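Letter by letter, the chains look like this.
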Amino acid sequence: LPDLQDGPEPTVHTQQAYAPEDDFTAKWTRADARQLKRLSDPTAGSKQNSMPAELTMPAVPQDFPDMSNEEVWVWDSWPLTDEDANQYSVNGQEIIFSLVADRNLVFDERHVFAKIGYFYRPAGIPADERPENGGWTYGGLVFDEGVTGKIFPDQSYSHQTQWSGSARISKGGEIKLFFTDVAFYRNEDGSNRKPYDPRIALSVGKVHANKNGVKLTGFDEVTDLLQADGTYYQTGAQNEFFNFRDPFTFEDPAHPGETFMVFEGNSAMPRESATCNEEDLGYREGDPFAETIEQVNASGATYQIGNVGLAKAKNKELTEWEFLPPILSANCVTDQTERPQIYMKDGKYYLFTISHRGTFANGIDGPEGVYGFVGDGIRSDYQPMNAGSGLALGNPTNLNFAGGQPFAPDFNQPIGHFQAYSHYVMPGGLVQSFIDTVGTEGDFRRGGTLAPTVKIDIDGASSAVDYSYGDGGLGGYADIPANINVNPGGNE
Ligand code: FRU
Ligand code: FRU
Ligand code: FRU
């Protein structure tokens, strides 16, 4: 990594593990997150990346192929996994789930129309021997119309959508699909008639795969698992813009027989009276670059109070869950710690979560990308990776210039500023994501399809993009390979 620019020292984090039930929440502090700016080159000019190459995804070309042959918009995607995040093919077919929406919508309207769809492709083919778009076949929607709306006590919703989650496979081809079931109660002008209602939910189905393709059955009932509680996880009553979503389940070798879930939440403070404290700021004694609590609390940064939640299953069927305190908070750092996942390597526990540039709090700046934290357990004093900043893989970004929006990217940014989002770290350090926008003002193309897979080499608290992977660091588009093949020969 380059020499650091002037700025505060990061908070000291021990990586020490606590029991999953303990009341200890690691802080991604402002002192930590301000390392992002310290890693950025203040002399980088218009359209240049100001961030270190080791932490930057190579630029995605603007002539990217479309994985659904323009049938649907595609964004957040997840593979079929087991309790250790291994990725499965079944009877010779790889299977992924994706949020999809109608191509007639403007891409940015997708969130209130999202549905879970699935794709499949033959397993065991090297990426460079597949069609350029990844060679997936779109299988259609997982749920029949009406199924996911039933759990809401107030049926007067204006929009009912399915948001991200994860899929667990077990013997006999049973799939437990964990997802976010969402009802919106909006007025014609888009304002809230009442706060939206996101719930972490489960639906069970079955996969039927053979050499001709993949069919799903079941998924005709939804179990409501968790609603934000207002104690650990902010509710709609506390903040109509609260975030509560994106379940990812796993087992922890240190606690055999238990199943845990991480998810995106917000710290449970009322929006208008939220405050951050000294621990959220995390400055070392006497740091000349420190801010005061009063400064930060008066700056508007208190609107950004993301956290990563933890829950524990109370039964083997995974239909009953209890909340545990959050494992990470990002108070006055970022509002969205989306799609969190736990990744294990060399005895260490990595927590990865995605953040937009635009959801960082006032005074904090960093690229759209995936951020990583390392510790000795699922609950630990997580140390943000890479010089304490947290950045694991960001888009080519120039922090000396504003970013704009995916629908109006700033002229001065590299063409990749909004190229990828919703990164998911897979076995072997492969990272998949979707393409949002490639280009800048006057010349950009929206994505709605999966990006090239890239590889990061993870080593303790550091990681680096592997530029020897694929073509200068870019692997196959939409390449989500299985690392475990069940009955690769074919029949059920
Ligand atoms: C911005 C955004 C996304 C989030 C979505 C739903 O469009 O905040 O980051 O997924 O809206 O709230
Ligand atoms: C990430 C995300 C998720 C959410 C989904 C909604 O891109 O914001 O957090 O589940 O998209 O579309
Ligand atoms: C906008 C905002 C967003 C965030 C939300 C949090 O006012 O600060 O950045 O998503 O409110 O409550």
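To be clear, the structure that these remarks concern was listed above.
A quick note: this is a predicted structure, and the numbers were derived from the prediction, not measured.

Caption draft 1: Expanded view of the overall build of the protein. Helix and strand counts for the protein stand at four helices and 30 strands. Relative to the compact-globule value of 23 Å for 492 residues, the protein shows a C-alpha radius of gyration of 21 Å, a close match. With respect to the principal axes defined by its C-alpha atoms, the protein has extents near 65 × 50 × 45 Å. A total of 492 residues make up the protein; the buried ones form 61% of that total. Considering only intrachain contacts with a sequence separation of at least 6, the fraction spanning at least 24 residues in the protein is 68%. Accessible area of the protein: about 18,500 Å², with a carbon and sulfur share of 48%. Side chains of the protein give 36 positive and 70 negative charges; the mean places of these two sets differ by 3 Å.

Caption draft 2: Seen up close, the state of the cysteines. In total, this model carries one disulfide according to the counting rule given. Each disulfide pairs two cysteine sulfurs, and for Cys276 the partner residue is Cys332, the sulfurs being separated by 2.1 Å. Of note, the bridge from Cys276 to Cys332 carries an S-S torsion of about 95° and is right-handed in sense. With a gap of 56 residues between them, Cys276 in the loop between strand S14 (260-266) and helix H3 (278-281) and Cys332 in the loop between strand S16 (321-331) and strand S17 (338-345) connect regions that are remote in the sequence. Look at Cys276 and you get buried, because its relative accessible area is 3%. Residue classification places Cys332 among the buried positions, given a relative accessible area of 0%.

Caption draft 3: How the structure looks around the pattern of salt bridges. On inspection of all chains with the given rule, the structure shows 25 salt bridges. Between Lys194 and Asp154 there is a salt bridge, with the nearest N and O atoms lying 2.8 Å from each other. Pair noted here: Lys194 is in strand S10 (residues 192-210) and Asp154 is in the loop between strand S7 (137-141) and strand S8 (159-170), with a separation of 40 residues, a long-range link. Close ionic contact of Asp457 with Lys455 constitutes a salt bridge, the shortest N to O distance being 2.7 Å.

Caption draft 4: Expanded view of the site of ligand 3. Neighbouring ligand 3 are the residues Asn239, Phe241, Arg271, Tyr303, Gln304 and Asp335. Within the side chain of Asn239, a nitrogen or oxygen atom sits 2.8 Å from an oxygen atom of ligand 3. Burial of ligand 3 by the protein chains amounts to 68% of its free accessible area of 320 Å². For the shell around ligand 3, the residue count by class is two nonpolar, two polar and two charged.

Caption draft 5: Here's a closer look at the site of ligand 2. Taken together, Trp75, Asp76, Leu99, His111, Trp163, Ser164, Arg245, Asp246, Glu264, Glu338, Tyr421 and Ser422 make up the full set of residues adjacent to ligand 2. Here Asp246 contributes a side-chain N or O atom positioned 2.6 Å from an oxygen atom of ligand 2. For ligand 2, whose accessible area on its own is 310 Å², the fraction buried by protein is 97%. Elements supplying a minimum of two residues to the shell around ligand 2: strand S3 (72-81), S8, strand S13 (245-250) and strand S25 (420-425). Partitioned by chemical class, the residues of the shell around ligand 2 number four nonpolar, three polar and five charged.

Caption draft 6: Focus on the pairing of strand S18 (residues 348-355). Within S18, seven of the eight residues are buried, which leaves it mostly tucked inside the rest of the structure. Relative to S18, S17 runs antiparallel, the two sharing six bridges. Residue pairing for S18: Met344 is matched across the bridge by Tyr349. Linking S17 back to S18 in an antiparallel pair, the connection comprises two residues, with Asp346 at a positive phi of about 50°. Where S18 meets strand S19 (residues 369-375), seven bridges bridge the pair, whose relative direction is antiparallel. Within S19, the residue paired with Ile354 across the bridge is Val370.

Caption draft 7: Here's a closer look at unusual backbone geometry. If you check the backbone angles, Asn69 has positive phi at about 50° while not being a glycine. Positionally, Asn69 belongs in the loop between helix H2 (35-38) and S3. The backbone of Glu70 sits at a positive phi, close to 60°, despite the residue not being glycine. Classification of Glu70 by relative accessible area gives exposed; the value is 53%.

Caption draft 8: Examining the sheet that holds strand S2 (residues 26-27) more closely. Spatially, five strands are ordered S2-S16-S15-S14-S13 in an open sheet, and the strand pairing comes out mixed. A strand with exactly one partner marks an edge of an open sheet, and here the two such strands are S2 and S13. As judged from the seven bridges shared by S14 and strand S15 (residues 305-313), these two strands associate in the antiparallel manner. Counterpart to Phe263 in the pairing with S15 is Gly309.

Caption draft 9: Highlighting the nonpolar core. The biggest cluster of nonpolar side chains holds 127 residues, and the ones touching the most others in it are Phe97, Leu177 and Ile342. In terms of residues, this core owes the most to one element, strand S9 (residues 174-186), which gives eight residues. Excluding its chain neighbours within four sequence positions, the residues that come into contact with Phe97 are Asp76, Ser77, Trp78, Leu80, Ile116, Gly117, Tyr118, Val142, Ala167, Ile175, Leu177 and Leu216. One finds Ala31, Cys276, Leu281 and Ile305 within the second-largest nonpolar core, a separate group that totals eleven residues.

Caption draft 10: Structural view of the environment of Ser463. Within the element layout of this structure, Ser463 appears in strand S29 (residues 462-465). C-alpha separation for the pair Ser463 and Glu54, spaced 409 residues apart in sequence, amounts to 7.5 Å. If we ignore the near neighbours within four places in the chain, the residues touching Ser463 are Glu54, Leu55, Met385, Asn386, Ala392, Asp457 and Ile458.

Caption draft 11: Structural detail: a negative patch on the surface. A surface patch of negative charge is lined by Asp144, Glu145, Asp220 and Glu221. Relative to the helices and strands, Asp220 resides in the loop between strand S11 (213-218) and strand S12 (223-226). By relative accessible area, Asp220 is classed as exposed at 52%.

Caption draft 12: Structural context of the environment of Asn307. Inspection of the secondary structure assignment puts Asn307 in strand S15. Each C-alpha atom, one on Asn307 and one on Asp197, is 18 Å from the other, the two residues being 110 residues apart in sequence. Apart from residues lying up to four places away in sequence, Asn307 is in contact with Tyr232, Tyr233, Phe263, Glu264, Gly265, Asn266, Ser267, Pro326, Leu328, Ser329 and Thr337. There is a polar contact of 3.3 Å between the side chain of Asn307 and the backbone oxygen of Tyr232.

Conventions and cut-offs
Residues numbered from 1 in each chain as written. Chains lettered and ligands numbered in written order. Predicted model: local features only at pLDDT ≥ 70, side-chain atom pairs only at ≥ 80, totals over all residues. Heavy atoms only, no water. Helix = DSSP H or I, 4+ residues; strand = E, 2+ residues; numbered from the N terminus. Rg over C-alpha atoms; globule rule 2.2 N^0.38 Å. Buried < 20%, exposed > 50% of the residue type's maximum accessible area, 1.4 Å probe, protein only. Contact = heavy atoms within 4.5 Å. Areas by Shrake-Rupley, 256 points an atom, 1.4 Å probe, with all protein chains shown as cover. Lys, Arg positive; Asp, Glu negative; His and termini not counted. Charge placed at Lys NZ, Arg CZ, Asp CG, Glu CD. Disulfide = S-S within 2.5 Å. Salt bridge = Lys/Arg side-chain N within 4 Å of Asp/Glu carboxyl O. Near = heavy atom within 4 Å. Polar contact = N/O pair within 3.5 Å; in protein donor to acceptor, adjacent residues only side chain to side chain. Nonpolar A, V, L, I, M, F, W, Y, C, P; charged D, E, K, R; others polar. Pairing = 2+ DSSP bridges. Core = buried A, V, L, I, M, F, W, Y, C linked by side-chain atoms within 4.5 Å. Patch = residues over 30% accessible without salt bridge, like charges linked within 9 Å, V, L, I, M, F, W, Y side chains within 5 Å.

Distances and angles like these do not, on their own, reveal function.
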